[in-house]
Every structure is written in structure tokens, then in C-alpha cells.
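Close look at the chain arrangement
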Amino acid sequence: MQVFDSIIRDRGSRYAVSGGACRNAEEAAAFLKELKRRKKFAKATHNTWACLTEEGPLRNDDGESGAAQVILRMLEREEILNEIVVVTRWYGGKHLGGDRFRHVGDAVRHYLDNRGS
């Protein structure tokens, strides 16, 4: 599991991104459970995630409507199979509108550019 914390800040909202190996729904659930063992991530407003597996795509918006699709599209474009990416947001009190999708994309790009390093 790799975690990149506090990579984006905007109007009080903070973002982190994490990821790791994931081949099915059970492994996705286990990954999220492990991530949420960190109290900070358990208290986050959203832990949006997606994973492209051999069985098909898996995703969950966790209340951040449409955000998991952004993650999934990026994984498909990069042809990344069997790897979960979770974008975590701590809501800062102000609506971000469409900027939230840009932030999700930027967080995923940060993960893809820095994973394994």
C-alpha cells in the first residue's frame, strides 16, 4: 500500500491518494479496511476508489458522485490492471463544484506518476 497524503488543498478541502494491488472485490474491501485503520482516513468525508480487474471494473463513489468514474477512466487509459486507487477527501466547508473532478484527476495522476518510488 502506498499513501500520498495532503497532496492537494483547495478552499479548506484536502486530498490524499493511495493504491496497491487488487484483483477482486474482496481484495478491494480488504484494502479499504486496512486504509481506514488509520483514524485520519476513517474520518475522511470521502474515500472514492476504482480498480480495473480481469473480472471487470470495480468502483465506489462513497458519496462523491461521479468521482470513481474519473479514476476508472484514467486506469483504463493507462491500461492499469489489478491495482486499486483511492482518492480521499476531507471536506473543507466550501463546495468545489466541477473543480472536485479536476482534483480527483490530479490526485490519480500523482499516484500514477509516483507509485513504486
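Worth saying up front: this structure is predicted, and the values here are computed from it rather than measured. (Residues numbered from 1 in each chain as written. Predicted model: local features only at pLDDT ≥ 70, side-chain atom pairs only at ≥ 80, totals over all residues. Heavy atoms only, no water.)

Our next topic: the overall build of the chain. For the chain, the helix and strand inventory stands at four helices and five strands. Overall, the chain shows an N-to-C arrangement of helices and strands of β-β-α-α-β-β-α-β-α. Taking 13 Å as the expected radius of gyration for a compact globule of 117 residues, we find that the chain reaches 13 Å, a close match to that expectation. On the principal axes, the C-alpha backbone points of the chain span a range of 40 × 30 × 30 Å. Every one of the 117 residues in the chain was classed for burial, and the buried ones make up 46%. (Helix = DSSP H or I, 4+ residues; strand = E, 2+ residues; numbered from the N terminus. Rg over C-alpha atoms; globule rule 2.2 N^0.38 Å. Buried < 20%, exposed > 50% of the residue type's maximum accessible area, 1.4 Å probe, protein only.)

Our next topic: the pattern of salt bridges. Any two side chains of opposite charge can pair, so long as their charged atoms come close to each other. On inspection of all chains with the given rule, the structure shows twelve salt bridges. Across the salt bridge formed by Arg 102 and Asp 106, the nearest N and O atoms sit 4.0 Å from each other. Here Asp 106 and Arg 102 lie together in helix α4 (residues 99–114), a separation of four residues that amounts to about one turn. On the basis of relative accessible area, Arg 102 is assigned to the partly exposed category, the value being 44%. Members of the salt-bridge network, linked through shared partners, are Asp 10, Arg 11, Asp 99, Arg 102 and Asp 106. (Salt bridge = Lys/Arg side-chain N within 4 Å of Asp/Glu carboxyl O.)

This part takes up the sheet that holds strand β4 (residues 56–60). With respect to topology, five strands assemble into an open sheet ordered β1-β2-β5-β3-β4, the strand pairing being antiparallel. Sheet topology places β1 (2–10) and β4 at the edges, where each strand pairs with a single neighbour. Averaged over all adjacent pairs, the angle separating strand axes in this sheet is 15°, with direction ignored. Two elements, strand β3 (residues 46–53) and β4, share five bridges in a ladder whose sense is antiparallel. Pairing of Cys 51 across the sheet is with Leu 58, part of β4. The strands touched by helix α1 (residues 25–35) are β1, β2 (13–21), β3, β4 and β5 (83–90); relative to β5, the strand with the most contacts, the crossing angle is about 40°. α4 rests against β1, β2 and β5 of the sheet, and its axis sits at about 145° to β1. (Pairing = 2+ DSSP bridges. Axes fitted to C-alpha atoms, helices over the stretch in contact; angles between N-to-C directions. Contact = heavy atoms within 4.5 Å.)

Burial runs high along β5: eight of the eight residues are buried. Where β2 lies against β5, eight bridges are found, and the strand directions are antiparallel. Its bridge partner being in β5, Tyr 15 is matched across the sheet by Arg 89. With six bridges joining them, β3 and β5 adopt antiparallel strand pairing. Along β5, the bridge assignment pairs His 46 with Arg 89.

Our next topic: the UniProt feature "domain: Impact N-terminal" (unreviewed entry) in the chain. Residues annotated in UniProt with the feature "domain: Impact N-terminal" (unreviewed entry) correspond here to residues 11–111. When the span residues 11–111 is considered, its composition is 40% helix and 30% strand, and the gap between its end C-alpha atoms is 22 Å. (UniProt positions renumbered as here; feature names shortened; annotations may be inferred.)

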